[in-house]
Amino acid sequence: MLPETPQDDGTAPPARDRRPADRVALRADLRAALPDASAAVVVTAAVFAFLYARMEWGDSATTAVMPFMDDPGTYWMYLLSQAFGWSGLLWAWGTVMLGLLLSGPRPARLPVSRQVLERWHRTTSLTTTALMFAHALMFAAELVRYEARLAWAERLWAGFADSFVPGWYDSGTGRIAIPIGQGALYLAIPLGLLFYVRHRIGANTWRRLHRFVIVVYVLSVWHTLLYGTNVWYGGWPRTVLWLLQLPVAALLLARLLRPARRAERLGAPRRREGVSLPGWAVRAAGRAAAGAVVVGLVVVVASGHDGGRERPAEPPSTSPHAPEPG
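Since we're looking at a predicted model, the values are computed, not measured.

The rules behind each value
Residues numbered from 1 in each chain as written. Predicted model: local features only at pLDDT ≥ 70, side-chain atom pairs only at ≥ 80, totals over all residues. Heavy atoms only, no water. Helix = DSSP H or I, 4+ residues; strand = E, 2+ residues; numbered from the N terminus. Expected span 1.5 Å × (residues − 1). Contact = heavy atoms within 4.5 Å. Salt bridge = Lys/Arg side-chain N within 4 Å of Asp/Glu carboxyl O. Buried < 20%, exposed > 50% of the residue type's maximum accessible area, 1.4 Å probe, protein only. Patch = residues over 30% accessible without salt bridge, like charges linked within 9 Å, V, L, I, M, F, W, Y side chains within 5 Å. Areas by Shrake-Rupley, 256 points an atom, 1.4 Å probe, with all protein chains shown as cover. Phe/Tyr/Trp six-rings, centres within 6.5 Å; stacked < 30°, edge-to-face > 60°. Lys NZ or Arg CZ within 6 Å of the ring centre and 35° of its normal. Polar contact = N/O pair within 3.5 Å; in protein donor to acceptor, adjacent residues only side chain to side chain. pLDDT = per-residue confidence, 0-100. Axes fitted to C-alpha atoms, helices over the stretch in contact; angles between N-to-C directions. Parallel < 35°, antiparallel > 145°, perpendicular 65-115°, else oblique. Nonpolar A, V, L, I, M, F, W, Y, C, P; charged D, E, K, R; others polar. Left-handed = near helix turned anticlockwise from the far one by under 90°.

This part covers helix 7 (residues 174-193). Each full turn of the α-helix corresponds to 3.6 residues, which orients residues three or four apart in the same direction. Across its 20 residues, helix 7 extends 28 Å between first and last C-alpha, which sits within 8% of the 28 Å expected from 1.5 Å per residue. Close packing links the buried residues of helix 7 with helix 5 (114-146), helix 6 (152-164), helix 9 (203-210) and helix 10 (213-227).

Take a look at the structure:
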């Protein structure tokens, strides 16, 4: 939009919009994310219906781990938490794939323009963060319902602390898995929103911080493998989850081996302008680690040794999460 011309009466012209041309407003992306978020709600509802039906049919892996939960009408908030978690992981996979595609070697052909892919990357990132928060919130709601023997204030605090305070949850595998999931959520929020203030912190600072988004994704997958009862046991669901990580690792390796920015290319192990030998060593180690991850994922998928537990012939008679008598 061109600036308006001065008025004939000598009054000053309206102030110009001094925002950089490439600055994107959070409000605009939130509006653009509505179709994406709507699709995520539909997927979440479908996953919830599937988990609910499996529990009713007696095929739920969750009840194989925790038999006392064999009542979807009572534990529907826990099932909804699981559904938000699975849709959040799917959206995280998609936004990471888009980010790696945009930051790596330029493909010869793209189905849509680069600007559209960048907008999709931003909107799926916002949706992912919302799904992660909903996952934690429904888990907290289930814990509040579960602690019926406590007064309401104590129930609210117990649900909030177990779900959102790192280190507070003290039962079973959750002592490790839940802080990992909390770490993913608490990193995702600032790393996603920093894009909208990069004009204040500087593009280079934002770019360095944004690289840690891959850490959010790794923590999310780790949390799921440790605590997702639907992939608790070994078998095809857990193997498929591992298999989905292969394209992420392959794109990450391609991104590191052939970065789009010339300054990030590895080159020969010698001091170049602006590149120290320790910096070169870190980049070389990152490429080696990414290559090792790709090889490791291939081995896991091909061998079937995916870290899943052995499913018992009979469900356990007790559970560490069984309700206490009121």
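Turning our eyes to something else, we now look at the pattern of salt bridges. Applying the stated criterion across every chain yields a total of 5 salt bridges. The salt bridge partner of Arg114 is Glu118, with a shortest N-O separation of 3.3 Å. With Arg114 and Glu118 both in helix 5 and 4 residues apart, the pair spans about one turn of that helix. Among the residues examined, Arg114 registers a relative accessible area of 26% and is labelled partly exposed. In this structure Glu118 comes out as partly exposed when scored by relative accessible area, which is 30%. Of the charged contacts, one joins Arg149 and Glu147 as a salt bridge, the two residues approaching to 3.7 Å between their closest N and O atoms. Arg149 sits in the partly exposed class, given a relative accessible area of 47%.

Looking now at a nonpolar patch on the surface. On the surface, Leu26, Leu30, Tyr186, Ile189 and Leu193 cluster together to form a nonpolar patch covering roughly 400 Å² of accessible area. Among the secondary structure elements, those contributing two or more residues to the nonpolar patch are helix 1 (26-32) and helix 7. Residue placement: Tyr186 occurs in helix 7.

The relative placement of two aromatic rings is captured by the distance of their centres and the angle of their planes. In this structure the tally under the stated criterion is 10 aromatic pairs. Plain terms: the ring middles of Trp157 and Trp168 are 5.3 Å apart, the flat faces sit at 85° to each other, and that makes the pair edge-to-face. In this pair, Trp157 sits in helix 6 while Trp168 sits in the loop between helix 6 and helix 7, placing the two residues 11 residues apart along the sequence. On the accessibility criterion, Trp157 (43% relative accessible area) is partly exposed. Given a relative accessible area of 42%, Trp168 falls into the partly exposed group. Ring centres of Phe195 and Trp206 lie 5.6 Å apart, and the angle between their planes is 65°; on these two criteria the pair is classed as edge-to-face. On the criterion of sequence distance, the pair formed by Phe195 in the loop between helix 7 and helix 8 (198-201) and Trp206 in helix 9 is long-range, its members being 11 residues apart. Among the residues examined, Phe195 registers a relative accessible area of 14% and is labelled buried. Members of the aromatic cluster, each reached through a chain of ring pairs, are Phe133, Trp157, Phe160, Phe164 and Trp168. Across from the ring centre of Trp152, 4.2 Å away, lies the NZ or CZ of Arg155, which sits over that ring.

What follows is about the environment of Ser163. Of note, Ser163 is situated in helix 6. Using a relative accessible area of 5% as the deciding quantity, one classes Ser163 as buried. Ignoring sequence-local partners within four residues, the contact set of Ser163 consists of Ala136, Phe139, Ala140, Leu143 and Gln182. One polar contact links the side chain of Ser163 to the main-chain amide nitrogen of Ala140, over a distance of 3.3 Å.

Take Thr127: it is sitting in helix 5. Take Thr127: its relative accessible area is 5%, and that puts it in the buried class. Sequence-wise, Thr127 and Thr95 are 32 residues apart; in three dimensions their C-alpha atoms are separated by 9.4 Å.

All right, on to the confidence of the model for the protein then. Confidence along the protein averages 82 in pLDDT terms, with 80% of residues attaining 70 or more. Predicted confidence for residues 1-21 stays below pLDDT 50, and this span has 4 contacts to residues more than four positions away or in other chains. The model gives residues 318-326 a pLDDT under 50, and that stretch makes 19 contacts with residues more than four places away or in other chains.

Okay, the packing of helix 6 against helix 7 next. Between helix 6 and helix 7, the shortest axis-to-axis distance is 8 Å and the interhelical angle comes to 80°. Accordingly, the angle class assigned to the pair helix 6 and helix 7 is roughly perpendicular. Only Ile178, Gln182, Leu185 and Tyr186 of helix 7 make contact with helix 6, whose side of the interface consists of Asp162, Ser163 and Phe164. Of the residues in the contact of helix 6 with helix 7, the class split is 4 nonpolar, 2 polar and 1 charged.

Turning next to the packing of helix 5 against helix 7. One can describe the packing of helix 5 onto helix 7 by two numbers: an axis separation of 10 Å at closest approach and a directional angle of 145°. The hand of the helix 5/helix 7 crossing is left-handed. Across the interface between the two elements, Ser125, Leu126, Thr129, Met132, Phe133, Ala136 and Phe139 of helix 5 pack against Ile178, Ala184, Leu185, Ala188, Ile189, Gly192 and Leu193 of helix 7. Class assignment for the residues of the contact of helix 5 with helix 7 results in 11 nonpolar, 3 polar and no charged.

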